[in-house]
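Coordinates in review
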Amino acid sequence: MDALTGAGRVVVKIGSALLVDRQTGDLRESWLAAIAQDIAALKSAGQDVILVSSGSIALGRGLLGFPPTALPLEQSQAAAAVGQIRLAQAWSEALAQHGLTTAQVLVTLEDSADRRRYLNARATLATLLAHGAVPIVNENDTVATDEIRYGDNDRLAAQIAVTTGADLLILLSDVDGLYTGNPADDPEAKHLPLIDDITPQIEAMAGDAGSGLSKGGMKTKVMAAKTATASGCAMIIMHGAEDHPLQRLRDGARHTIFQAAGDPHAARKRWIAAMKPQGVLHIDSGARRALENGKSLLPAGLAQVDGDFGRGDPVVLRAPDGTTLGQGLARYTAVEARQIAGHQSAEIEDILGYPGRAVLIHRDDMAL
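The rules we used
- Throughout, residues of each chain are indexed from 1 in the direction in which the sequence is written.
- Predicted model: local features are reported for residues with pLDDT of at least 70 only, side-chain atom pairs are reported and counted for 80 or more only, and whole-chain, interface and lining totals are derived from all residues.
- Note that water and hydrogens are dropped before the side-chain values are worked out from all heavy atoms of the structure.
- Secondary structure follows DSSP: runs of H or I at least 4 residues long count as helices, runs of E at least 2 residues long count as strands, and numbering of each begins at the N terminus.
- The quantity called the radius of gyration is restricted to C-alpha atoms. Its globule counterpart is 2.2 Å times the number of residues to the power 0.38.
- Three exposure classes are used, based on accessible area relative to the maximum for each residue type with a 1.4 Å probe and protein chains only: buried under 20%, partly exposed in between, and exposed over 50%.
- The contact definition used throughout considers only heavy atoms, calling two residues in contact when any of these lie within 4.5 Å.
- We call two strands paired when DSSP finds no fewer than two bridges between them.
- Orientation is described by axes fitted as lines to C-alpha atoms, over the contacting stretch for helices, and by angles from 0 to 180 degrees between their N-to-C directions.
- Each helix should span, by expectation, one fewer than its residue count multiplied by 1.5 Å.
- Residues are called lining when one of their atoms sits within 4 Å of a cavity or pocket point, these points coming from a 1 Å grid over the protein atoms alone, where a cavity is a set in which a 1.4 Å probe fits but cannot get out and a pocket is an open set with protein on both sides within 12 Å along at least five of seven lines.
- Grid points are joined across faces, edges and corners, and a volume is the space filled by probe spheres set on the points.
- Amino acids outside the nonpolar list (Ala, Val, Leu, Ile, Met, Phe, Trp, Tyr, Cys, Pro) and the charged list (Asp, Glu, Lys, Arg) are all regarded as polar, and Gly is one of them.

**Digging into the overall build of the chain**
- Summing up its helical and strand segments, the chain has 15 helices and 15 strands in all.
- Taking 368 residues into account, the globule formula puts the C-alpha radius of gyration at 21 Å, and the chain, at 22 Å, falls close to it.
- Its C-alpha atoms put the chain at 70 × 45 × 40 Å along the principal axes.
- Looking at the chain as a whole, 48% of its 368 residues qualify as buried.
- Counted over contacts in the chain with a minimum sequence separation of 6, partners at least 24 positions apart contribute 71%.

**Regarding the pairing of strand E2 (residues 48-53)**
- A large share of E2 lies buried, amounting to six of its six residues.
- Along E2, one buried face is formed by Asp48, Ile50 and Val52 and the opposite face, lined by Val49, Leu51 and Ser53, is buried too.
- Examined bridge by bridge, strand E1 (residues 9-14) and E2 share six bridges and lie parallel to one another. When the bridges of E2 are listed, valine 11 appears paired with isoleucine 50.
- Pairing between E2 and strand E4 (residues 134-139): two bridges, direction parallel. Bridge pairing in E4 links leucine 51 to isoleucine 136.

**Regarding the side chain of aspartate 154**
- Of note, aspartate 154 is situated in helix H8 (residues 153-164).
- For aspartate 154, a relative accessible area of 2% translates into the label buried.
- Excluding residues within four positions of it along the chain, aspartate 154 makes contact with Lys13, Leu171, Gly217, Thr220, Lys221 and Ala224.

**Brief notes about the sheet that holds strand E14 (residues 324-329)**
- Strand order across the open sheet formed by five strands is E12-E11-E13-E14-E15, with mixed pairing between neighbours. Edge strands, defined here as strands with exactly one partner in the open sheet, are strand E12 (302-307) and strand E15 (366-367).
- Here E14 runs beside E15; their pairing, made up of two bridges, is antiparallel. By the bridge assignment, glutamine 327 is partnered in E15 with alanine 367.
- Packing against the sheet, helix H13 (residues 285-292) makes contact with strand E11 (279-283), strand E13 (314-318), E14 and E15, and its axis sits at approximately 105° to E11.

**Things to note about the sheet that holds E1**
- Reading across the sheet, the eight strands line up as E3-E4-E2-E1-E5-E9-E10-E8 and stay open at both edges, with mixed pairing between neighbours. Strand pairing shows two members of the sheet lacking a second neighbour, strand E3 (102-107) and strand E8 (194-195), which therefore form its edges.
- Packing of helix H5 (residues 73-96) onto the sheet brings it into contact with E1, E2, E3 and E4, and relative to E3 it is tilted by some 150°.
- The sheet contacts of H8 involve E1, E2, E3, E4 and strand E5 (168-173), and relative to E1 the element is tilted by about 165°.

**Overview of the environment of alanine 40**
- Inspection of the secondary structure puts alanine 40 in helix H3 (residues 29-44).
- Residue alanine 40 is classed as buried on the basis of its relative accessible area of 12%.
- Along the sequence, alanine 40 and glycine 6 sit 34 residues apart, while their C-alpha atoms lie 16 Å from each other.

**Overview of the environment of glycine 83**
- Note on placement: glycine 83 falls in helix H5.
- Taking relative accessible area as the criterion, glycine 83 reaches 0% and is therefore assigned buried.
- Separated by 20 residues in sequence, glycine 83 and leucine 63 place their C-alpha atoms 7.9 Å apart.
- Dropping the residues within four chain positions of it, glycine 83 is found in contact with Ser56, Leu59 and Gly60.

**Some points on helix H10 (residues 217-230)**
- Taking 1.5 Å per residue as the helical rise, H10 with its 14 residues ought to reach 20 Å, and the 21 Å between its terminal C-alpha atoms agrees with that figure.
- Listing the buried residues of H10 in full gives Gly217, Met218, Thr220, Lys221, Val222, Ala224, Ala225, Ala228 and Thr229.
- Buried residues belonging to H10 abut H8, E5, strand E6 (178-179), helix H9 (200-205), strand E9 (234-239) and strand E10 (255-258).
- Phi turns positive, to about 90°, at glycine 232, one or two residues after H10.

**Focus on empty space enclosed by the protein**
- Applying the stated rule across the entire model yields three cavities of 30 Å³ or more.
- As a volume, the largest cavity reaches approximately 80 Å³.
- The wall of the largest cavity is formed by 10 residues, among which Val107, Ser112, Ala121, Ile160 and Thr163 lie closest to the centre.
- In the lining of the largest cavity, the residues fall into six nonpolar, three polar and one charged.
- Among the secondary structure elements, those contributing two or more residues to the lining of the second largest cavity are H3 and helix H11 (245-250).
- The class makeup of the residues in the lining of the second largest cavity is four nonpolar, one polar and two charged.

Shown next as structure tokens:
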């Protein structure tokens, strides 16, 4: 399956119903072991894998004796607090069988809306992937209120795909793709294997948020597809309840793929380039050569700072001859940048009084 085998970085969203048996409230151990084997195969092929996994509330409610009905917020958050430990442990044990290290990452909608938190989350995930770990991402249900929630893991998964520059997002669902209507109600509904463009007609086929067979319905999946594909990430919807779903996808299992609109890295560069700059960083000739060779900007190459900007704000990069090279997202405030300008990265902690990031602007956060 070209979309899967050709993806350097894959995000896989897994719903509660796939991980947790609805009748008993227990983990589906054999399914978990099977998908762990699938993930190990992708890792062995040199691919990065990020999991967006539901299941904490479903696991926790049984342990706390809550009823299998809709829970008030405080009970949902309590169930999440208990279940998250069990969920993380289950993933850790399953992937450890294949020599893989697991990391738990809890986020809220605020973390992607706030640029500083967004950059911190992005840097953490990038570091984990660079060291071969498999991040397990979930919404931080224990602290999130309705105002700062994604509300469903389809859209959370899409945001994680955008944040990490993923090439492919896979939504493992209880349906095998998008249909012209709800196949549960309409026997004439036709399966759509390929979506090149998400038109109003395509959105109408998804129905309302409560329709469809999965939690949140097909509408949230199409919303996720709009987010992912606009940032250069293809998205697949497929049935995931059977063992080895990723291997089945590779073998040609039925699915719907939403084609990406370009390359994820190019889309990110365009986004950075279009932002309104909040300051200017004047760099020396050595730093210019480093940037033109694909390197990050280090404090040692910074000669002067203009403007008043915060962490995560866009800033212009200017060469000694006055040439504008492009712009990037600063990892330090203007005040901090002035303090560390011209210094080695190893000196940052002594200057600022706390350990900071080694680079001023990472190459991935730069559009030249």
